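Observations on the three-dimensional arrangement
If you want the building blocks of each chain, they are given just below.
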Amino acid sequence: MQSEEGSYNAHRYLLTRVLQNYSKDIRPVSNHMDPIEVFINVMPKALINYDEINGVLHMSFALELSWTDEILNWDPSLNHNISFLRIPATQVWTPRLFCLNAIDNIAMDKATSDNVLYDYKGSAIYLMGLQSSTLCPPNSMYFPFDIQVCNIDVVSSLSFYEETFIANAVIYDVFEQNPLWDLLNIRISIVEIKGGQVSIFRIIVKLQRRHAFFMVTIFSPIVFLAIVNLFVFMIPVDSGERVSYAITVLLSFTVFLSLVTANTPKSSLTISLFSVYMFTVLLYSFLITLSVVVILDIHFTNKDQAPKWNLSKMVVWGLKKQRSKIQRSFITVLPKTDDTEYAEKMTKTDDIDIDYKMISLELDKFFIRFYSLLFTLITVTFVTVIALNEYDSA
């Protein structure tokens, strides 16, 4: 009990003595012309959230600052062999830091930022627990496979000649993973501005979105809907369900487009390729709906009448021209006969009999092949662009 009391009194006496003529407002250097070198270790704790809609990164981390205090030192042999002393941060000089691109004041964790640890030579270690909210403009071009690079710029209130930052290391031992974003790496560097008068300690945070959720809940249903959309050409025309089926799928695509829009930044500087893909698939579904209407118009046209829609008339006219070319080719290989009247009739386009129901069936076969190829081309192009970006980023 006496030894514990003696140790306590020795520490209290040493603390009182070293702080007797000490001023926390003056840089602790013997020569005021010499800058203080501050070594910084970054220890990320958690990626709280990255709000890509507003472009704000919320992160919790610790800064381990170390420097040499030339004023605060002692001889352990004269002070009960005390080699280390923990002093409240409010009573000693510490680096005055603030964040340049913060949208709010940096919140300090008082539990980890109360004390500075000194050794008898004056080497100081100060652990600051921080929570920052910094601006980070998003780049959503490759959403949901996007990679975001955010900067946290920390500067001192002192000039470069009074205080110099030295980037030391990044320690990931206490980092906790985020369910939405994967922390790829953190780099630290020193940036000098204003001709070297200001030293910026820059923390570069590289994030990648975890895209499994979006692949399962958005991309996969879109692919399934696009495939199901093709089945509209397999529904019997006389059932009367084709148009309602096509419009239902079209409306489903608009719902998924609104989900994508809600999760991407409202910016015209970088438009998500996924949004372009969604718009293209929406256009694909619209064209299918339009094709269904044309087929219905042709199918229910009487033999001695013309289709109601001009677009349908153009399709029928094109099919007549194609059939006329085939018949002309057939006639040219026939031997010459005196039946010129029959040959002239075969070459007249307007006299060709048209079975509208047969035309609608042929259009069904054509459109299901055409739109299958179109959707495959759209999807393969999108996946290829994303894969090339992933390869370049690796």
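Residues numbered from 1 in each chain as written. Predicted model: local features only at pLDDT ≥ 70, side-chain atom pairs only at ≥ 80, totals over all residues. Heavy atoms only, no water.

1. What about the overall build of the chain?
A count of helical and extended segments in the chain gives seven helices and 11 strands. A burial count over the chain gives 40% of its 394 residues as buried. In the chain, the proportion of contacts linking residues at least 24 apart, taken out of those at least 6 apart, comes to 74%. In the form shown here, the chain has an accessible surface area of approximately 22,600 Å², with 59% of it arising from carbon and sulfur atoms. (Helix = DSSP H or I, 4+ residues; strand = E, 2+ residues; numbered from the N terminus. Buried < 20%, exposed > 50% of the residue type's maximum accessible area, 1.4 Å probe, protein only. Contact = heavy atoms within 4.5 Å. Areas by Shrake-Rupley, 256 points an atom, 1.4 Å probe, with all protein chains shown as cover.)

2. Let's talk about the sheet that holds strand β4 (residues 97-99)
The antiparallel open sheet is built from four strands, whose spatial order is β4-β8-β11-β10. The sheet terminates laterally at β4 and β10 (181-193), the two strands that pair on one side only. Shown here is a sheet whose adjacent strand axes are inclined to one another by a mean of 25°, direction ignored. Here β4 runs beside strand β8 (residues 147-156); their pairing, made up of three bridges, is antiparallel. From the neighbouring strand, L97 faces β8, where its bridge partner is S156. (Pairing = 2+ DSSP bridges. Axes fitted to C-alpha atoms, helices over the stretch in contact; angles between N-to-C directions.)

3. Section: the packing of aromatic side chains
For any pair of aromatic rings, the description rests on two quantities: the centre-to-centre distance and the angle between the ring planes. In this structure the tally under the stated criterion is 20 aromatic pairs. Summarising the aromatic geometry, the rings of F143 and F274 are spaced 6.3 Å apart at their centres and angled 70° between planes, so their arrangement reads as edge-to-face. Here F143, found in the loop between β7 (123-135) and β8, pairs with F274, found in helix α4 (residues 273-299); they are 131 residues apart in sequence, far enough to count as distant. For the residue pair F143 and F274, the accessibility class agrees, reading buried in each case. Taken together, a centroid distance of 6.0 Å and an interplanar angle of 75° make the contact between Y284 and Y371 edge-to-face. Taken together, the positions of Y284 in helix α4 and Y371 in helix α7 (residues 356-393) put the pair 87 residues apart, joining distant regions of the chain. (Phe/Tyr/Trp six-rings, centres within 6.5 Å; stacked < 30°, edge-to-face > 60°.)

4. Thoughts on the confidence of the model for the chain
Here the chain averages 81 in pLDDT, while 79% of its residues score no lower than 70. Ranking the helices and strands of the chain by mean pLDDT puts strand β6 (residues 115-119) first, with 92, and helix α6 (residues 340-347) last, with 46. Per-residue pLDDT stays below 50 along residues 326-334; that stretch engages in seven contacts with residues further than four places along the chain or on separate chains. (pLDDT = per-residue confidence, 0-100.)

5. Comments concerning the pattern of salt bridges
Tallied over the entire structure, the rule returns seven salt bridges. In this structure, R210 engages D182 in a salt bridge whose closest nitrogen and oxygen atoms are separated by 3.7 Å. Taken together, the positions of R210 in the loop between β11 (198-209) and α2 (212-230) and D182 in strand β10 put the pair 28 residues apart, joining distant regions of the chain. A relative accessible area of 33% places R210 in the partly exposed class. Classification of D182 as partly exposed rests on a relative accessible area of 25%. Note that R242 and D364 form a salt bridge whose closest N and O atoms lie 2.8 Å from each other. In this pair, R242 sits in helix α3 (residues 242-262) while D364 sits in helix α7, placing the two residues 122 residues apart along the sequence. Both residues of the pair, R242 and D364, count as buried. Through salt bridges that share partners, E52, D146 and R209 make up one connected network. (Salt bridge = Lys/Arg side-chain N within 4 Å of Asp/Glu carboxyl O.)

6. Focus: the state of the cysteines
Enumeration over the complete set of coordinates arrives at one disulfide. One disulfide in the model links C136 with C150; its S-S distance is 2.0 Å. Between C136 and C150 the disulfide shows an S-S torsion of about -80°. By sign, it is left-handed. Of the two residues, C136 sits in the loop between β7 and β8 while C150 sits in strand β8, which places them 14 residues apart along the sequence. (Disulfide = S-S within 2.5 Å.)

7. Focus: the packing of α2 against α4
The contact between α2 and α4 brings their axes to 11 Å, and the two run at 15°. Here α2 is positioned roughly parallel relative to α4, judged by the angle of their axes. Pair α2 / α4 crosses with left-handed handedness. Contact with α2, carried on its side by I218, F219, I222, V223, A226, N229 and L230, involves F274, Y277, M278, V281, Y284, S285 and I288 of α4 and no other residues of that element. (Parallel < 35°, antiparallel > 145°, perpendicular 65-115°, else oblique. Left-handed = near helix turned anticlockwise from the far one by under 90°.)

8. Points about α2
Working note: α-helix, 3.6 residues per turn, so residues spaced by three or four point in the same direction. Between the first and last C-alpha of α2 there are 27 Å, a value that for 19 residues agrees with the 27 Å anticipated at 1.5 Å per step. Largest kink in α2: about 30°, centred on F219, with the proline P221 one to four residues after it. What α2 keeps buried is the set F214, I218, F219, P221, I222, V223, L225, A226, N229 and L230. (Expected span 1.5 Å × (residues − 1). Bend = angle between axes of the 7 residues up to and from the residue.)

9. Quick look at the side chain of S60
Mapped onto the fold, S60 is located in strand β2 (residues 56-68). For S60, a relative accessible area of 11% puts it in the buried group. Residues in contact with S60, not counting those within four places in the same chain, are P44, K45, A46, I48, L130 and Q131.

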